[in-house]
Amino acid sequence: MQPFGFNVISENAKEGIPIAIAGRIMVDIQNLLTDIGRHIVRSEMLLQNEIPPEILNKFTLRIGGSSNKGLGSNVKTGSEELMDVAIKILFETLNYLGRGASGFWVANKFPDPFERVSIARDLVALNDHLDGNVLVYGPPNDQRQFRKLDREKLLSYIRSGAERYTVIGKVSSDPRYKGHWNFISSDAPVSLNPIKKSPKGMMEKAAASGVVEVMGSVSKNTEGRVLSINNAESFNEINEVMFYRIITAESNLLLVAPVVASVSYVPGTKMWRIAHSDLGIDVSRPTWDECVVAFHKEFMYLYETYVQTNKTFQGDDKKAQALLMTFLPA
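Residues numbered from 1 in each chain as written. Predicted model: local features only at pLDDT ≥ 70, side-chain atom pairs only at ≥ 80, totals over all residues. Heavy atoms only, no water.

Details of the pattern of salt bridges
Line of reasoning, step 1. This model, assessed by the stated rule, comprises twelve salt bridges.
Line of reasoning, step 2. Notably, a salt bridge pairs R151 with D128, separated by 2.9 Å at the nearest N-O pair. Placement of the pair is R151 in helix α6 (residues 151-158) and D128 in helix α5 (residues 113-130), with a sequence separation of 23 residues.
Line of reasoning, step 3. Owing to a relative accessible area of 34%, D128 belongs among the partly exposed residues under this scheme.
Line of reasoning, step 4. Bridged by salt links that share partners, the residues E44, E81 and R245 form one connected network. (Salt bridge = Lys/Arg side-chain N within 4 Å of Asp/Glu carboxyl O. Helix = DSSP H or I, 4+ residues; strand = E, 2+ residues; numbered from the N terminus. Buried < 20%, exposed > 50% of the residue type's maximum accessible area, 1.4 Å probe, protein only.)

Following this line, the structure appears as structure tokens:
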């Protein structure tokens, strides 16, 4: 990956930057890159709650390394391509907003309202900590400067609170209270409340369905865990999901054709299941996110076993290798 560096300079060439200020700014940059990484991982893996820290560690910046100048983007093996994607988005974000522009760019670039709020909060912190100084960023041959920000526009995103949002999970009746409903995706059910004057039987039908996409006003904590869903009005049953990228803590694999996996929830065992019969992947876990992570690990294991090797295979192993190759660049 191309080196990408950050540096903070004073508008007054005779003055340096206090270490305390420079340190806060570097932390702001790391927070921004981490939240951009969270945005990428959530959209690619369809994770519904907190992103595992071992995956977010892919987006850790390091002092020194290939940039040799300030904070750099030198990353560990297996994360280069994904870090390149995150750095490109970071570059676009700083370049556009650092000129004082706003409009609908942030909302269009980060359609997930939760991730958008986090990124807006990071940008406001960066702007405030710069306090008139200048952030220089970019590859050695394309250095840019971040100077100002439409602070009020970004604050409007932060104040927005719960937003209309789609989440994946299972609807169930609350055994404690008649006429009350729960939403299941993590290790504990959360409250699910339909819109007022909802169609008769809507919630009963949703509960009788399998895995559903629910549209409603979703509240999350700062780590991304779903806390409640209110004014739910759309329930779309899904039987499969598509992954265009495989991500694990150690690796990242961009596919040319999506992996289409079947999904289900088994109430009796309270287990989620994601499978791909042709690849022989069939994983079950107690939460949706754990199941997704396990599926990605299984796919990556097959890739490393049958594709990243010089071995010659026969029979079913050769068929598995050929099938895996259909997802990968020629």
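Quick word on the pairing of strand β4 (residues 134-138)
Line of reasoning, step 1. Counting buried positions over the five residues of β4 gives five, a clear majority of the element.
Line of reasoning, step 2. Along β4, one buried face is formed by V134, V136 and G138 and the opposite face, lined by L135 and Y137, is buried too.
Line of reasoning, step 3. Where strand β1 (residues 5-9) lies against β4, five bridges are found, and the strand directions are antiparallel. Looking at β4, one finds that N7 is bridged to V136.
Line of reasoning, step 4. In this structure, the hairpin formed by β4 and strand β5 (residues 144-146) is closed by a connection of five residues. (Pairing = 2+ DSSP bridges.)

Observations regarding the sheet that holds strand β12 (residues 252-266)
Line of reasoning, step 1. Strands sit in the order β11-β12-β13-β14 across an open sheet of four strands; the sheet is antiparallel. With one partner strand each, in any of the chains shown, β11 (240-247) and β14 (281-285) form the two edges of the open sheet. Adjacent strand axes in the sheet meet at a mean angle of 30° when their direction is disregarded.
Line of reasoning, step 2. Here strand β13 (residues 271-276) runs beside β14; their pairing, made up of five bridges, is antiparallel. Following the sheet pairing, W272 is matched in β14 by R285. (Axes fitted to C-alpha atoms, helices over the stretch in contact; angles between N-to-C directions.)

Comments concerning the sheet that holds strand β9 (residues 212-220)
Two strands in a sheet stick together by hydrogen bonds in their backbones, pointing the same way (parallel) or opposite ways (antiparallel).
Line of reasoning, step 1. What the five strands build is a closed barrel, ordered β6-β7-β8-β10-β9; its pairing is mixed. With direction set aside, neighbouring strand axes in the sheet form an average angle of 55°.
Line of reasoning, step 2. In this sheet, strand β8 (residues 190-194) lies alongside strand β7 (residues 181-184) in antiparallel orientation, the contact comprising three bridges. Each residue of the ladder has a partner; that of N182, found in β8, is S191.

Comments concerning unusual backbone geometry
Line of reasoning, step 1. For L46, which is not glycine, the phi dihedral falls at a positive 60°.
Line of reasoning, step 2. One can find L46 in the loop between α1 (19-45) and α2 (53-56).
Line of reasoning, step 3. Judged by its relative accessible area of 23%, L46 falls in the partly exposed class.
Line of reasoning, step 4. One non-glycine residue, K270, lies in the positive phi region at around 55°.
Line of reasoning, step 5. Tracing the backbone shows K270 in the loop between β12 and β13.

Quick word on the nonpolar core
A general tendency of soluble globular proteins is for nonpolar side chains to be buried together.
Line of reasoning, step 1. With 78 residues, the main nonpolar core has I36, L94, L135 and F299 as its most contacted residues.
Line of reasoning, step 2. Counting residues per element, this core draws most heavily on helix α8 (residues 288-306), which supplies eleven residues.
Line of reasoning, step 3. The contacts of L94, once residues within four sequence positions are left out, are L32, L123, L126, L135, Y137 and F146.
Line of reasoning, step 4. Judged by nonpolar contacts, the second largest core, of 16 residues, contains W181, F183, L192 and I229. (Core = buried A, V, L, I, M, F, W, Y, C linked by side-chain atoms within 4.5 Å. Contact = heavy atoms within 4.5 Å.)

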